[in-house]
Amino acid sequence: DTAVSQTPKYLVTQMGNDKSIKCEQNLGHDTMYWYKQDSKKFLKIMFSYNNKELIINETVPNRFSPKSPDKAHLNLHINSLELGDSAVYFCASSQGYRGYEQYFGPGTRLTVT
Amino acid sequence: AQRVTQPEKLLSVFKGAPVELKCNYSYSGSPELFWYVQYSRQRLQLLLRHISRESIKGFTADLNKGETSFHLKKPFAQEEDSAMYYCALLIYNQGGKLIFGQGTELSVKP
């Protein structure tokens, strides 16, 4: 299936741990994004990469670090996890980043205990 | 400030009734607006965008620059329309950032 995939789907971990979420797209897109959806279902952009170059870097704690090894992958690494990091994280991709449809992954539900 | 506001957190209607999900935006540039939908246990997906001026699944949305609104409408709601709907504003000169509204949960009762 051509799509945006994320692993893992669920992630339960303790405060202070470091974790990564992986995202892959096989749509041939050149732009990828990370969004955070909080408990009130509010969606907010965190980062975007275009051709492996960081384009958007919102006001996100520097414990969050995106890494794009190639155009098809954008991983999110989180250091020293806090309770407030609990959320659903969505990856998305698009061809270009100006006015093009973004295709979303299924989301990763992160729970920090 | 760039902002998208969806004033209704939950909208409940009966099947066959008209539905309107409200969206207002604040943006100094030329707006490009979208409606995304998230059905239960499914991923977020594009429903429609204003420049396409098309009707998808019976939904339409018209950009009103005077009222800075982009309301989503459907004349006869169906049960399968029950979902979370997000209005989104594209900011071109900030790397194509999408700013989402808070979302409106539409519940269509039989």
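Residues numbered from 1 in each chain as written. Chains lettered and ligands numbered in written order. Predicted model: local features only at pLDDT ≥ 70, side-chain atom pairs only at ≥ 80, totals over all residues. Heavy atoms only, no water.

Novice: So, the overall build of chain A: which residues are in play, and what are the values?
Specialist: Along chain A, the regular secondary structure elements total zero helices and 11 strands. Counting from the amino terminus, helix and strand elements in chain A follow one another as β-β-β-β-β-β-β-β-β-β-β. Its C-alpha atoms give chain A a radius of gyration of 13 Å, within 12% of the compact-globule value 13 Å for 113 residues. The buried share of chain A, reckoned over its 113 residues, is 45%. (Helix = DSSP H or I, 4+ residues; strand = E, 2+ residues; numbered from the N terminus. Rg over C-alpha atoms; globule rule 2.2 N^0.38 Å. Buried < 20%, exposed > 50% of the residue type's maximum accessible area, 1.4 Å probe, protein only.)

Novice: I'd like to hear about the interface of chain B and chain A, residue by residue, with values.
Specialist: Taken residue by residue, the interface counts 20 residues in chain B and 24 residues in chain A. Overall, the association of chain B and chain A removes approximately 1800 Å² of surface from exposure, summing both partners, and the carbon and sulfur fraction of that is 56%. With its nearest N and O atoms 3.1 Å apart, the salt bridge here joins K97(B) to E58(A). The tally of links from chain B across to chain A stands at six residue pairs in polar contact (both at pLDDT 80 or more). Taken together, the elements giving at least two residues each to the side of chain B that touches chain A come down to β5 (32-38), β6 (45-49), β9 (83-91) and β10 (97-100) of chain B. Here the residues of the side of chain B that touches chain A are counted per class, giving 10 nonpolar, six polar and four charged. (Contact = heavy atoms within 4.5 Å. Buried area = accessible area lost by both parts, 1.4 Å probe. Salt bridge = Lys/Arg side-chain N within 4 Å of Asp/Glu carboxyl O. Polar contact = N/O pair within 3.5 Å; in protein donor to acceptor, adjacent residues only side chain to side chain. Nonpolar A, V, L, I, M, F, W, Y, C, P; charged D, E, K, R; others polar.)

Novice: Explain the state of the cysteines to me, using residue names and the numbers behind them.
Specialist: Working definition of a disulfide: a covalent bond connecting the sulfur atoms of two cysteines. On inspection of all chains with the given rule, the structure shows two disulfides over all chains. At a sulfur-sulfur separation of 1.8 Å, the disulfide partner of C23(A) is C91(A). Measuring handedness by torsion sign, the sulfur bridge of C23(A) and C91(A) sits at about -75 degrees and is left-handed. With C23(A) in strand β3 (residues 19-25) and C91(A) in strand β9 (residues 87-94), the pair connects residues that are 68 residues apart, well separated along the chain. Accessibility expressed as a relative area gives 1% for C23(A), which makes it buried. C91(A) sits in the buried class, given a relative accessible area of 0%. A disulfide bridge connects C23(B) with C87(B), and the sulfur atoms are separated by 2.0 Å. Classification of the bridge connecting C23(B) and C87(B) rests on its S-S torsion, roughly -65 degrees, and on that basis the disulfide is left-handed. Pair noted here: C23(B) is in the loop between β3 (19-21) and β4 (24-26) and C87(B) is in strand β9, with a separation of 64 residues, a long-range link. Each member of the pair, C23(B) as well as C87(B), carries the same accessibility label: buried. (Disulfide = S-S within 2.5 Å.)

Novice: Quick rundown of the pairing of strand β6 (residues 53-57) of chain A? Include the residues and the values.
Specialist: Residues and elements named next belong to chain A. Sheet analysis places strand β5 (residues 43-50) next to β6, joined by four bridges and oriented antiparallel. Residue F47 lies in a different strand from β6, and its bridge partner there is N57. Linking two consecutive strands that pair antiparallel, namely β5 and β6, is a turn of two residues; a positive phi of about 50 degrees is found at N51 within it. (Pairing = 2+ DSSP bridges.)

Novice: Break down unusual backbone geometry for me, citing the residues and quoting the values.
Specialist: Here the bond from T7(A) into P8(A) is cis, since omega is -5 degrees, no more than 30 degrees from zero. Its place among the elements puts P8(A) in the loop between β1 (4-7) and β2 (10-13). Here K52(A), not a glycine, exhibits a phi torsion of approximately 70 degrees, which is positive. Structurally, K52(A) can be placed in the loop between β5 and β6. For K52(A), a relative accessible area of 46% corresponds to the partly exposed category. Backbone geometry places K57(B), a non-glycine residue, at a positive phi of 55 degrees. Following the sequence through the fold, K57(B) ends up in the loop between β6 and β7 (60-61).

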